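# Structural characterization, general
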Amino acid sequence: MMPSSAHAFALTEPGMQHEYLGDGISVIDIGLERPRFGACYLIESNGAAAIFDAGTNYSVPRILDTLAARGIARDDVRYLIASHVHLDHAGGIGALARELPRAQVLAHARGVRHLVDPSVLQASAEQVYGADVVADSYGALVPVPAERIRALGDGEDVDLDGRVLHFIDSPGHARHHVTLYDAASASWFTGDCFGISYRDFDGGSEPMIFPTTSPVQFEPDAMKATIARMLERRPRAMLLTHYSRIDDVEARARTLLRLIDAQVDLAHRYAGRDDAVPALTEALQQLFHAEVRRLGAPVTEDETRRLLAIDAELNAKGMLIWVEREKNASRNGPG
């Protein structure tokens, strides 16, 4: 997920920066927008450690503080893993790698070049959001030395001192996305492939969850296939970047699949209109609040709109780009 031009992310005030979830896993608040908005994860095994996602440059002190609090030396971090190269997930990975000199960086093959040379990511973000917004939200992106980065293959296992981390190619949200299955906790580290579930909406009959379809590589069929592939492991929990652990995975998956279809239907309805982005954004806000009402979460419609303003706009833009891409592919035919 990335910020919209109208909604720059803001650093949250320091507070509780990490929480131990059990099974050698800690969730770290990366400090964007509001508390418990974005996360990365620390995975421990026999004194060795890995970090899944890295937030932004401004998240690095929080990650280092968590290592110290958990009694992990910087040289004991073996892997820095990028789920994908969107800046709220991997914007800080180069800066973090400088602080953790023995860690190998792991990423999807499509994302490696952008971590080695982040100039295209930086320039693209500045073109869309403005240089000041990018500087305030992410800072200057730091390259990862090529010799410290390795592309992950689909189905590859990585050993973390006896703890097997299993990776799969996970398109749907982005074509440069991987997810990680951890058998020790029977959990998937999902990045943005298993939706968003903010803790602000807890208190109803079940956690609220919805797909993230932000620009520019959303593909609904691929996202459904990735979800199905994750469910094959019968996981006990999903560890989301936005935000943290959710259980009762089968029920959450059914909701996600239903809302993917609902968003696709809305995108087709509004595509082609002069006001397509604001109209679809409003329709998504209504869809999201209907979910809040269905669950009985103690959040007003005004509060829902405020909390989900960024997501609704980004989802709308991503859906409309997908519809246009599908139309172009249909016009051009095979090949």
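The model shown is predicted, which means the values in this text are computed figures rather than measured ones.

Cut-offs used in this document
- Residues numbered from 1 in each chain as written.
- Predicted model: local features only at pLDDT ≥ 70, side-chain atom pairs only at ≥ 80, totals over all residues.
- Heavy atoms only, no water.
- Helix = DSSP H or I, 4+ residues; strand = E, 2+ residues; numbered from the N terminus.
- Buried < 20%, exposed > 50% of the residue type's maximum accessible area, 1.4 Å probe, protein only.
- Contact = heavy atoms within 4.5 Å.
- Areas by Shrake-Rupley, 256 points an atom, 1.4 Å probe, with all protein chains shown as cover.
- Lys, Arg positive; Asp, Glu negative; His and termini not counted.
- Charge placed at Lys NZ, Arg CZ, Asp CG, Glu CD.
- Expected span 1.5 Å × (residues − 1).
- Salt bridge = Lys/Arg side-chain N within 4 Å of Asp/Glu carboxyl O.

## With respect to the overall build of the chain
Looking only at helices and strands, one finds 11 helices and 13 strands in the chain. On the principal axes, the C-alpha backbone points of the chain span a range of 55 × 45 × 40 Å. Per-residue burial over the chain gives 58% buried out of 335 residues. A separation of at least 24 residues holds for 70% of the contacts in the chain among residues at least 6 apart in sequence. Carbon and sulfur atoms form 48% of the exposed surface of the chain, whose accessible area is close to 13,200 Å². Averaging the coordinates of the 34 positive side-chain charges in the chain and doing the same for the 47 negative ones gives two points 3 Å apart.

## Considering helix α7 (residues 220-231)
An α-helical segment advances 3.6 residues per turn. Residues three or four places apart therefore align on the same side. For α7, with 12 residues, the first-to-last C-alpha span of 17 Å sits near the 16 Å given by 1.5 Å per residue. Every buried residue of α7 is listed here: Pro220, Ala222, Met223, Thr226, Ile227, Met230 and Leu231. Residues of α7 that are buried in the fold lie against β9 (163-169), β10 (178-182), β11 (187-191), β12 (237-240), α8 (249-270) and α11 (309-332).

## Quick word on unusual backbone geometry
Residues Pro215 and Val216 are joined by a peptide bond in cis, for which omega reads 5°. With respect to the helices, strands and loops of the structure, Val216 is situated in the loop between β11 and α7. Going from His242 to Tyr243, the amide bond is cis rather than trans, its omega being 0°. One non-glycine residue, Arg36, adopts positive backbone phi at about 60°.

## Comments concerning the environment of Gly47
Residue position: Gly47 is located in the loop between β3 (39-45) and β4 (48-52). With a relative accessible area of 46%, Gly47 lands in the partly exposed category. Sequence separation between Gly47 and Val216 is 169 residues, and the spatial gap between their C-alpha atoms is 39 Å.

## Details of the pattern of salt bridges
Note on pairing: side chains with opposite charge can pair once their charged atoms come close. The full count for this structure, using the stated rule, is 22 salt bridges. Linking Arg305 and Glu301 is a salt bridge whose minimum nitrogen-to-oxygen distance equals 3.5 Å. Linking Arg305 with Glu301, this pair stays in helix α10 (residues 301-307), spanning 4 residues, or about one helical turn. On the basis of relative accessible area, Glu301 is assigned to the partly exposed category, the value being 35%. One salt-bridge network, held together by shared partners, links Glu206, Asp248, Arg252, Arg258, Glu291 and Arg294.

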